[in-house]
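Observations on chain architecture
Each chain is listed here by its residues.
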Protein chains: 2
Amino acid sequence: MTDRSGGPFDRTVFYVSDGTGITAETFGHSLLTQFENLRLREVRLPFIDSDDKAYDVLRRVAAQGEADGKRPIMFSTLVNARINAIVRDADARILDLFSTFVEPLEQEFGTRSTHTMGRSHTAADTAQYKRRIEAINFSLAHDDGQSHKGLADADVILVGVSRSGKTPTSLYLAMQHGIKSANYPLIPEDFDRGRLPDMLYRFKHKLFGLSITPERLSEVRNERRPHSRYASLENCRAEVKQAEDMMRREGISWLSTTTKSIEEIATTVLQALDLRG
Amino acid sequence: MTDRSGGPFDRTVFYVSDGTGITAETFGHSLLTQFENLRLREVRLPFIDSDDKAYDVLRRVAAQGEADGKRPIMFSTLVNARINAIVRDADARILDLFSTFVEPLEQEFGTRSTHTMGRSHTAADTAQYKRRIEAINFSLAHDDGQSHKGLADADVILVGVSRSGKTPTSLYLAMQHGIKSANYPLIPEDFDRGRLPDMLYRFKHKLFGLSITPERLSEVRNERRPHSRYASLENCRAEVKQAEDMMRREGISWLSTTTKSIEEIATTVLQALDLRG
């Protein structure tokens, strides 16, 4: 169950699924961000996989509608036909995400849908799943230049100054895409020498740089080490300039993470290195 | 760009978006798993945010359709009306995910959609984003019982035997939900003493257990340390039994991760501890 923020709310949005509800929530949430000034309570109701749970949903939706004084919105990705038939009676504006599109796809493919649970978040045994877990372990072992062993196996090596966003991006690439992502900090010693850390030259084709504005970097570093030289705007200006100069000189593709989400950075890295996600 | 597996393929599915395309891909992929025996090449086309890029999409889709001998499927979450108008001419079966549902929502809310880019994956400055980065840092610092400092700040502390899935679940909870998740291994010394590690008793209300079948655990451990006592089926049987006995005795909720995806485990943890994602 998800309830994204504090009240007060005008209305409640339910994400109902026989699985995790992640698809319904991702989709519904994206759609709802196109409406402004609505105060929406978002509630995820996952694993609705029995008649009893389906009837619970009806009761819960009815009670919430009464409390809000407005009928709820419901995004549903129920696959099971019987459970879907029960939930469809809910006193809510129901947007049935799957059944809306299953029919045109059936026409297009000339085949019937199985109407069974998608495998997208369920197959814990598959090669893809194993790849993902291995990638997470790899990224943890190769965070912040911890280990040089195995860099040859990396799909990507992110470089950039400390706190430019390398760690979250590496973990996201591993978690969501099964990409083995190492990350390597660029530090003042590298700038003094005017060269990348030596062991990176062999892997130049896998390098991708992250940068950030000095102002934002100083802010982020100040949260960690307030009033340090490390966090000072002056030092951040110098480090960022030197890092960007070095990446330009070495011909490393890079982007500024300042106003970007982890998803946007990761998507850009995949595109730039033409990696399969 | 995403291309999930090797060929040969019957047909190509494009996920087209002015943002990352994650919503389109998550949704489309879930839907497509309900069709069996289709060999689909899935290609994500993110950041389609200019006329030029929109025309590139048309060319790319046409070329792919010709190569496949079947017109592609396109899931689109384009928000910009002008770009959407261009892409709508693609020679593909187009499923326009947003516009299908925007209208019923406009009716329901009695208000117009802004028809501008959703904020779901874009707002790098928000409180939610900061919370997420802090949670990732917290989970990294509190992985595998590394640090006791700050356990009071944890939203959840996962416990279980080594390799039961604690680390990926912790990172996922942090990354996707901004949940501060620590994890703490249950080791033979704990079983010999017949007690949880001492510092965990204070935080018992935050504990959630992960277990796994001995067979699967032995398999996973064998990949790490082949032919070790640690990985032997006999030792895994003993550890799993002792861990499950301890969790039962201490009244800790737990689940078996054996056939579960990270998303399913995380969703169950959120439900069990009634955490807001």
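The sections below set out a description of the structure shown in this document. Note on numbering: residues in each chain are counted from 1, in written sequence order. Written order decides the labels, with chains lettered from A and ligands numbered from 1. Two thresholds apply to this predicted model, a pLDDT of at least 70 for residue-level local features and 80 or more for giving and counting side-chain atom pairs, whereas whole-chain, interface and lining totals are computed over all residues. The basis for every side-chain value is the complete set of non-hydrogen atoms in the structure, without hydrogens or water.

Examining the sheet that holds strand β2 (residues 40-45) of chain A
Residue and element names in this part refer to chain A. We count it as follows: Strands pair, by our definition, only if DSSP identifies at least two bridges between them. For the purposes of this entry, the term helix denotes a DSSP run of H or I that reaches at least four residues, the term strand denotes a run of E that reaches at least two, and both are numbered from the N terminus. Interaxial angle, 0 to 180 degrees, is taken between N-to-C directions of lines fitted to C-alpha atoms, where a helix line uses only the stretch in contact. Residue contacts are defined here by distance: any two heavy atoms, one from each residue, within 4.5 Å place the two residues in contact.
Spatially, four strands are ordered β2-β1-β3-β4 in an open sheet, and the strand pairing comes out parallel. Edge strands, defined here as strands with exactly one partner in the open sheet, are β2 and β4 (93-96). Averaged over all pairs of adjacent strands, the angle between strand axes in this sheet comes to 20°, irrespective of strand direction. On top of the sheet, helix α2 (residues 51-68) reaches β1 (11-16), β2 and β3 (73-76); it is set at about 165° to β1, its chief contact.

Considering the sheet that holds strand β8 (residues 254-256) of chain A
All names here are of chain A. An order of β6-β5-β7-β8 is seen for the four strands of this open sheet, with the pairing classed as parallel. Because the sheet does not close on itself, it has two edges, and the strands there are β6 (181-185) and β8. Each adjacent strand pair in this sheet contributes to an overall mean axis angle of 25°, direction not counted. In the sheet, strand β5 (residues 156-160) pairs with β6 via five bridges, with the strands oriented parallel. Bridge pairing in β6 links Val159 to Tyr184.

Examining the environment of B:Leu40
Quick reminder of the rule: Burial status follows relative accessibility: with a 1.4 Å probe on protein chains alone, a residue under 20% of its type maximum counts as buried, one over 50% as exposed, and anything between as partly exposed.
In this structure, B:Leu40 sits in strand β2 (residues 40-45). Looking at B:Leu40, the relative accessible area reads 15%, which means it is buried. Counting along the chain gives 30 residues from B:Leu40 to B:Asp10, while the straight-line C-alpha distance between them is 6.1 Å. With near-sequence residues (within four places) excluded, B:Leu40 lies in contact with A:Phe109, B:Phe9, B:Arg11, B:Val13 and B:Leu32.

Observations regarding the interface of chain A and chain B
Often, the extent of an interface is quoted as the loss of accessible area on bringing the components together. We count it as follows: Buried area: the accessible area, evaluated with a 1.4 Å probe, that two parts lose upon being put together, summed over both parts. The working definition used for a salt bridge is a side-chain nitrogen of Lys or Arg within 4 Å of a carboxyl oxygen of Asp or Glu.
At the interface, 89 residues of chain A touch 89 residues of chain B. Approximately 8,100 Å² of surface area, both sides summed, lies buried where chain A meets chain B, with 61% of it carried by carbon and sulfur atoms. Across the contact surface, chain A and chain B share ten salt bridges. Here A:Arg11 ties to B:Glu108 by a salt bridge, and the two come within 3.0 Å at their closest N and O atoms.

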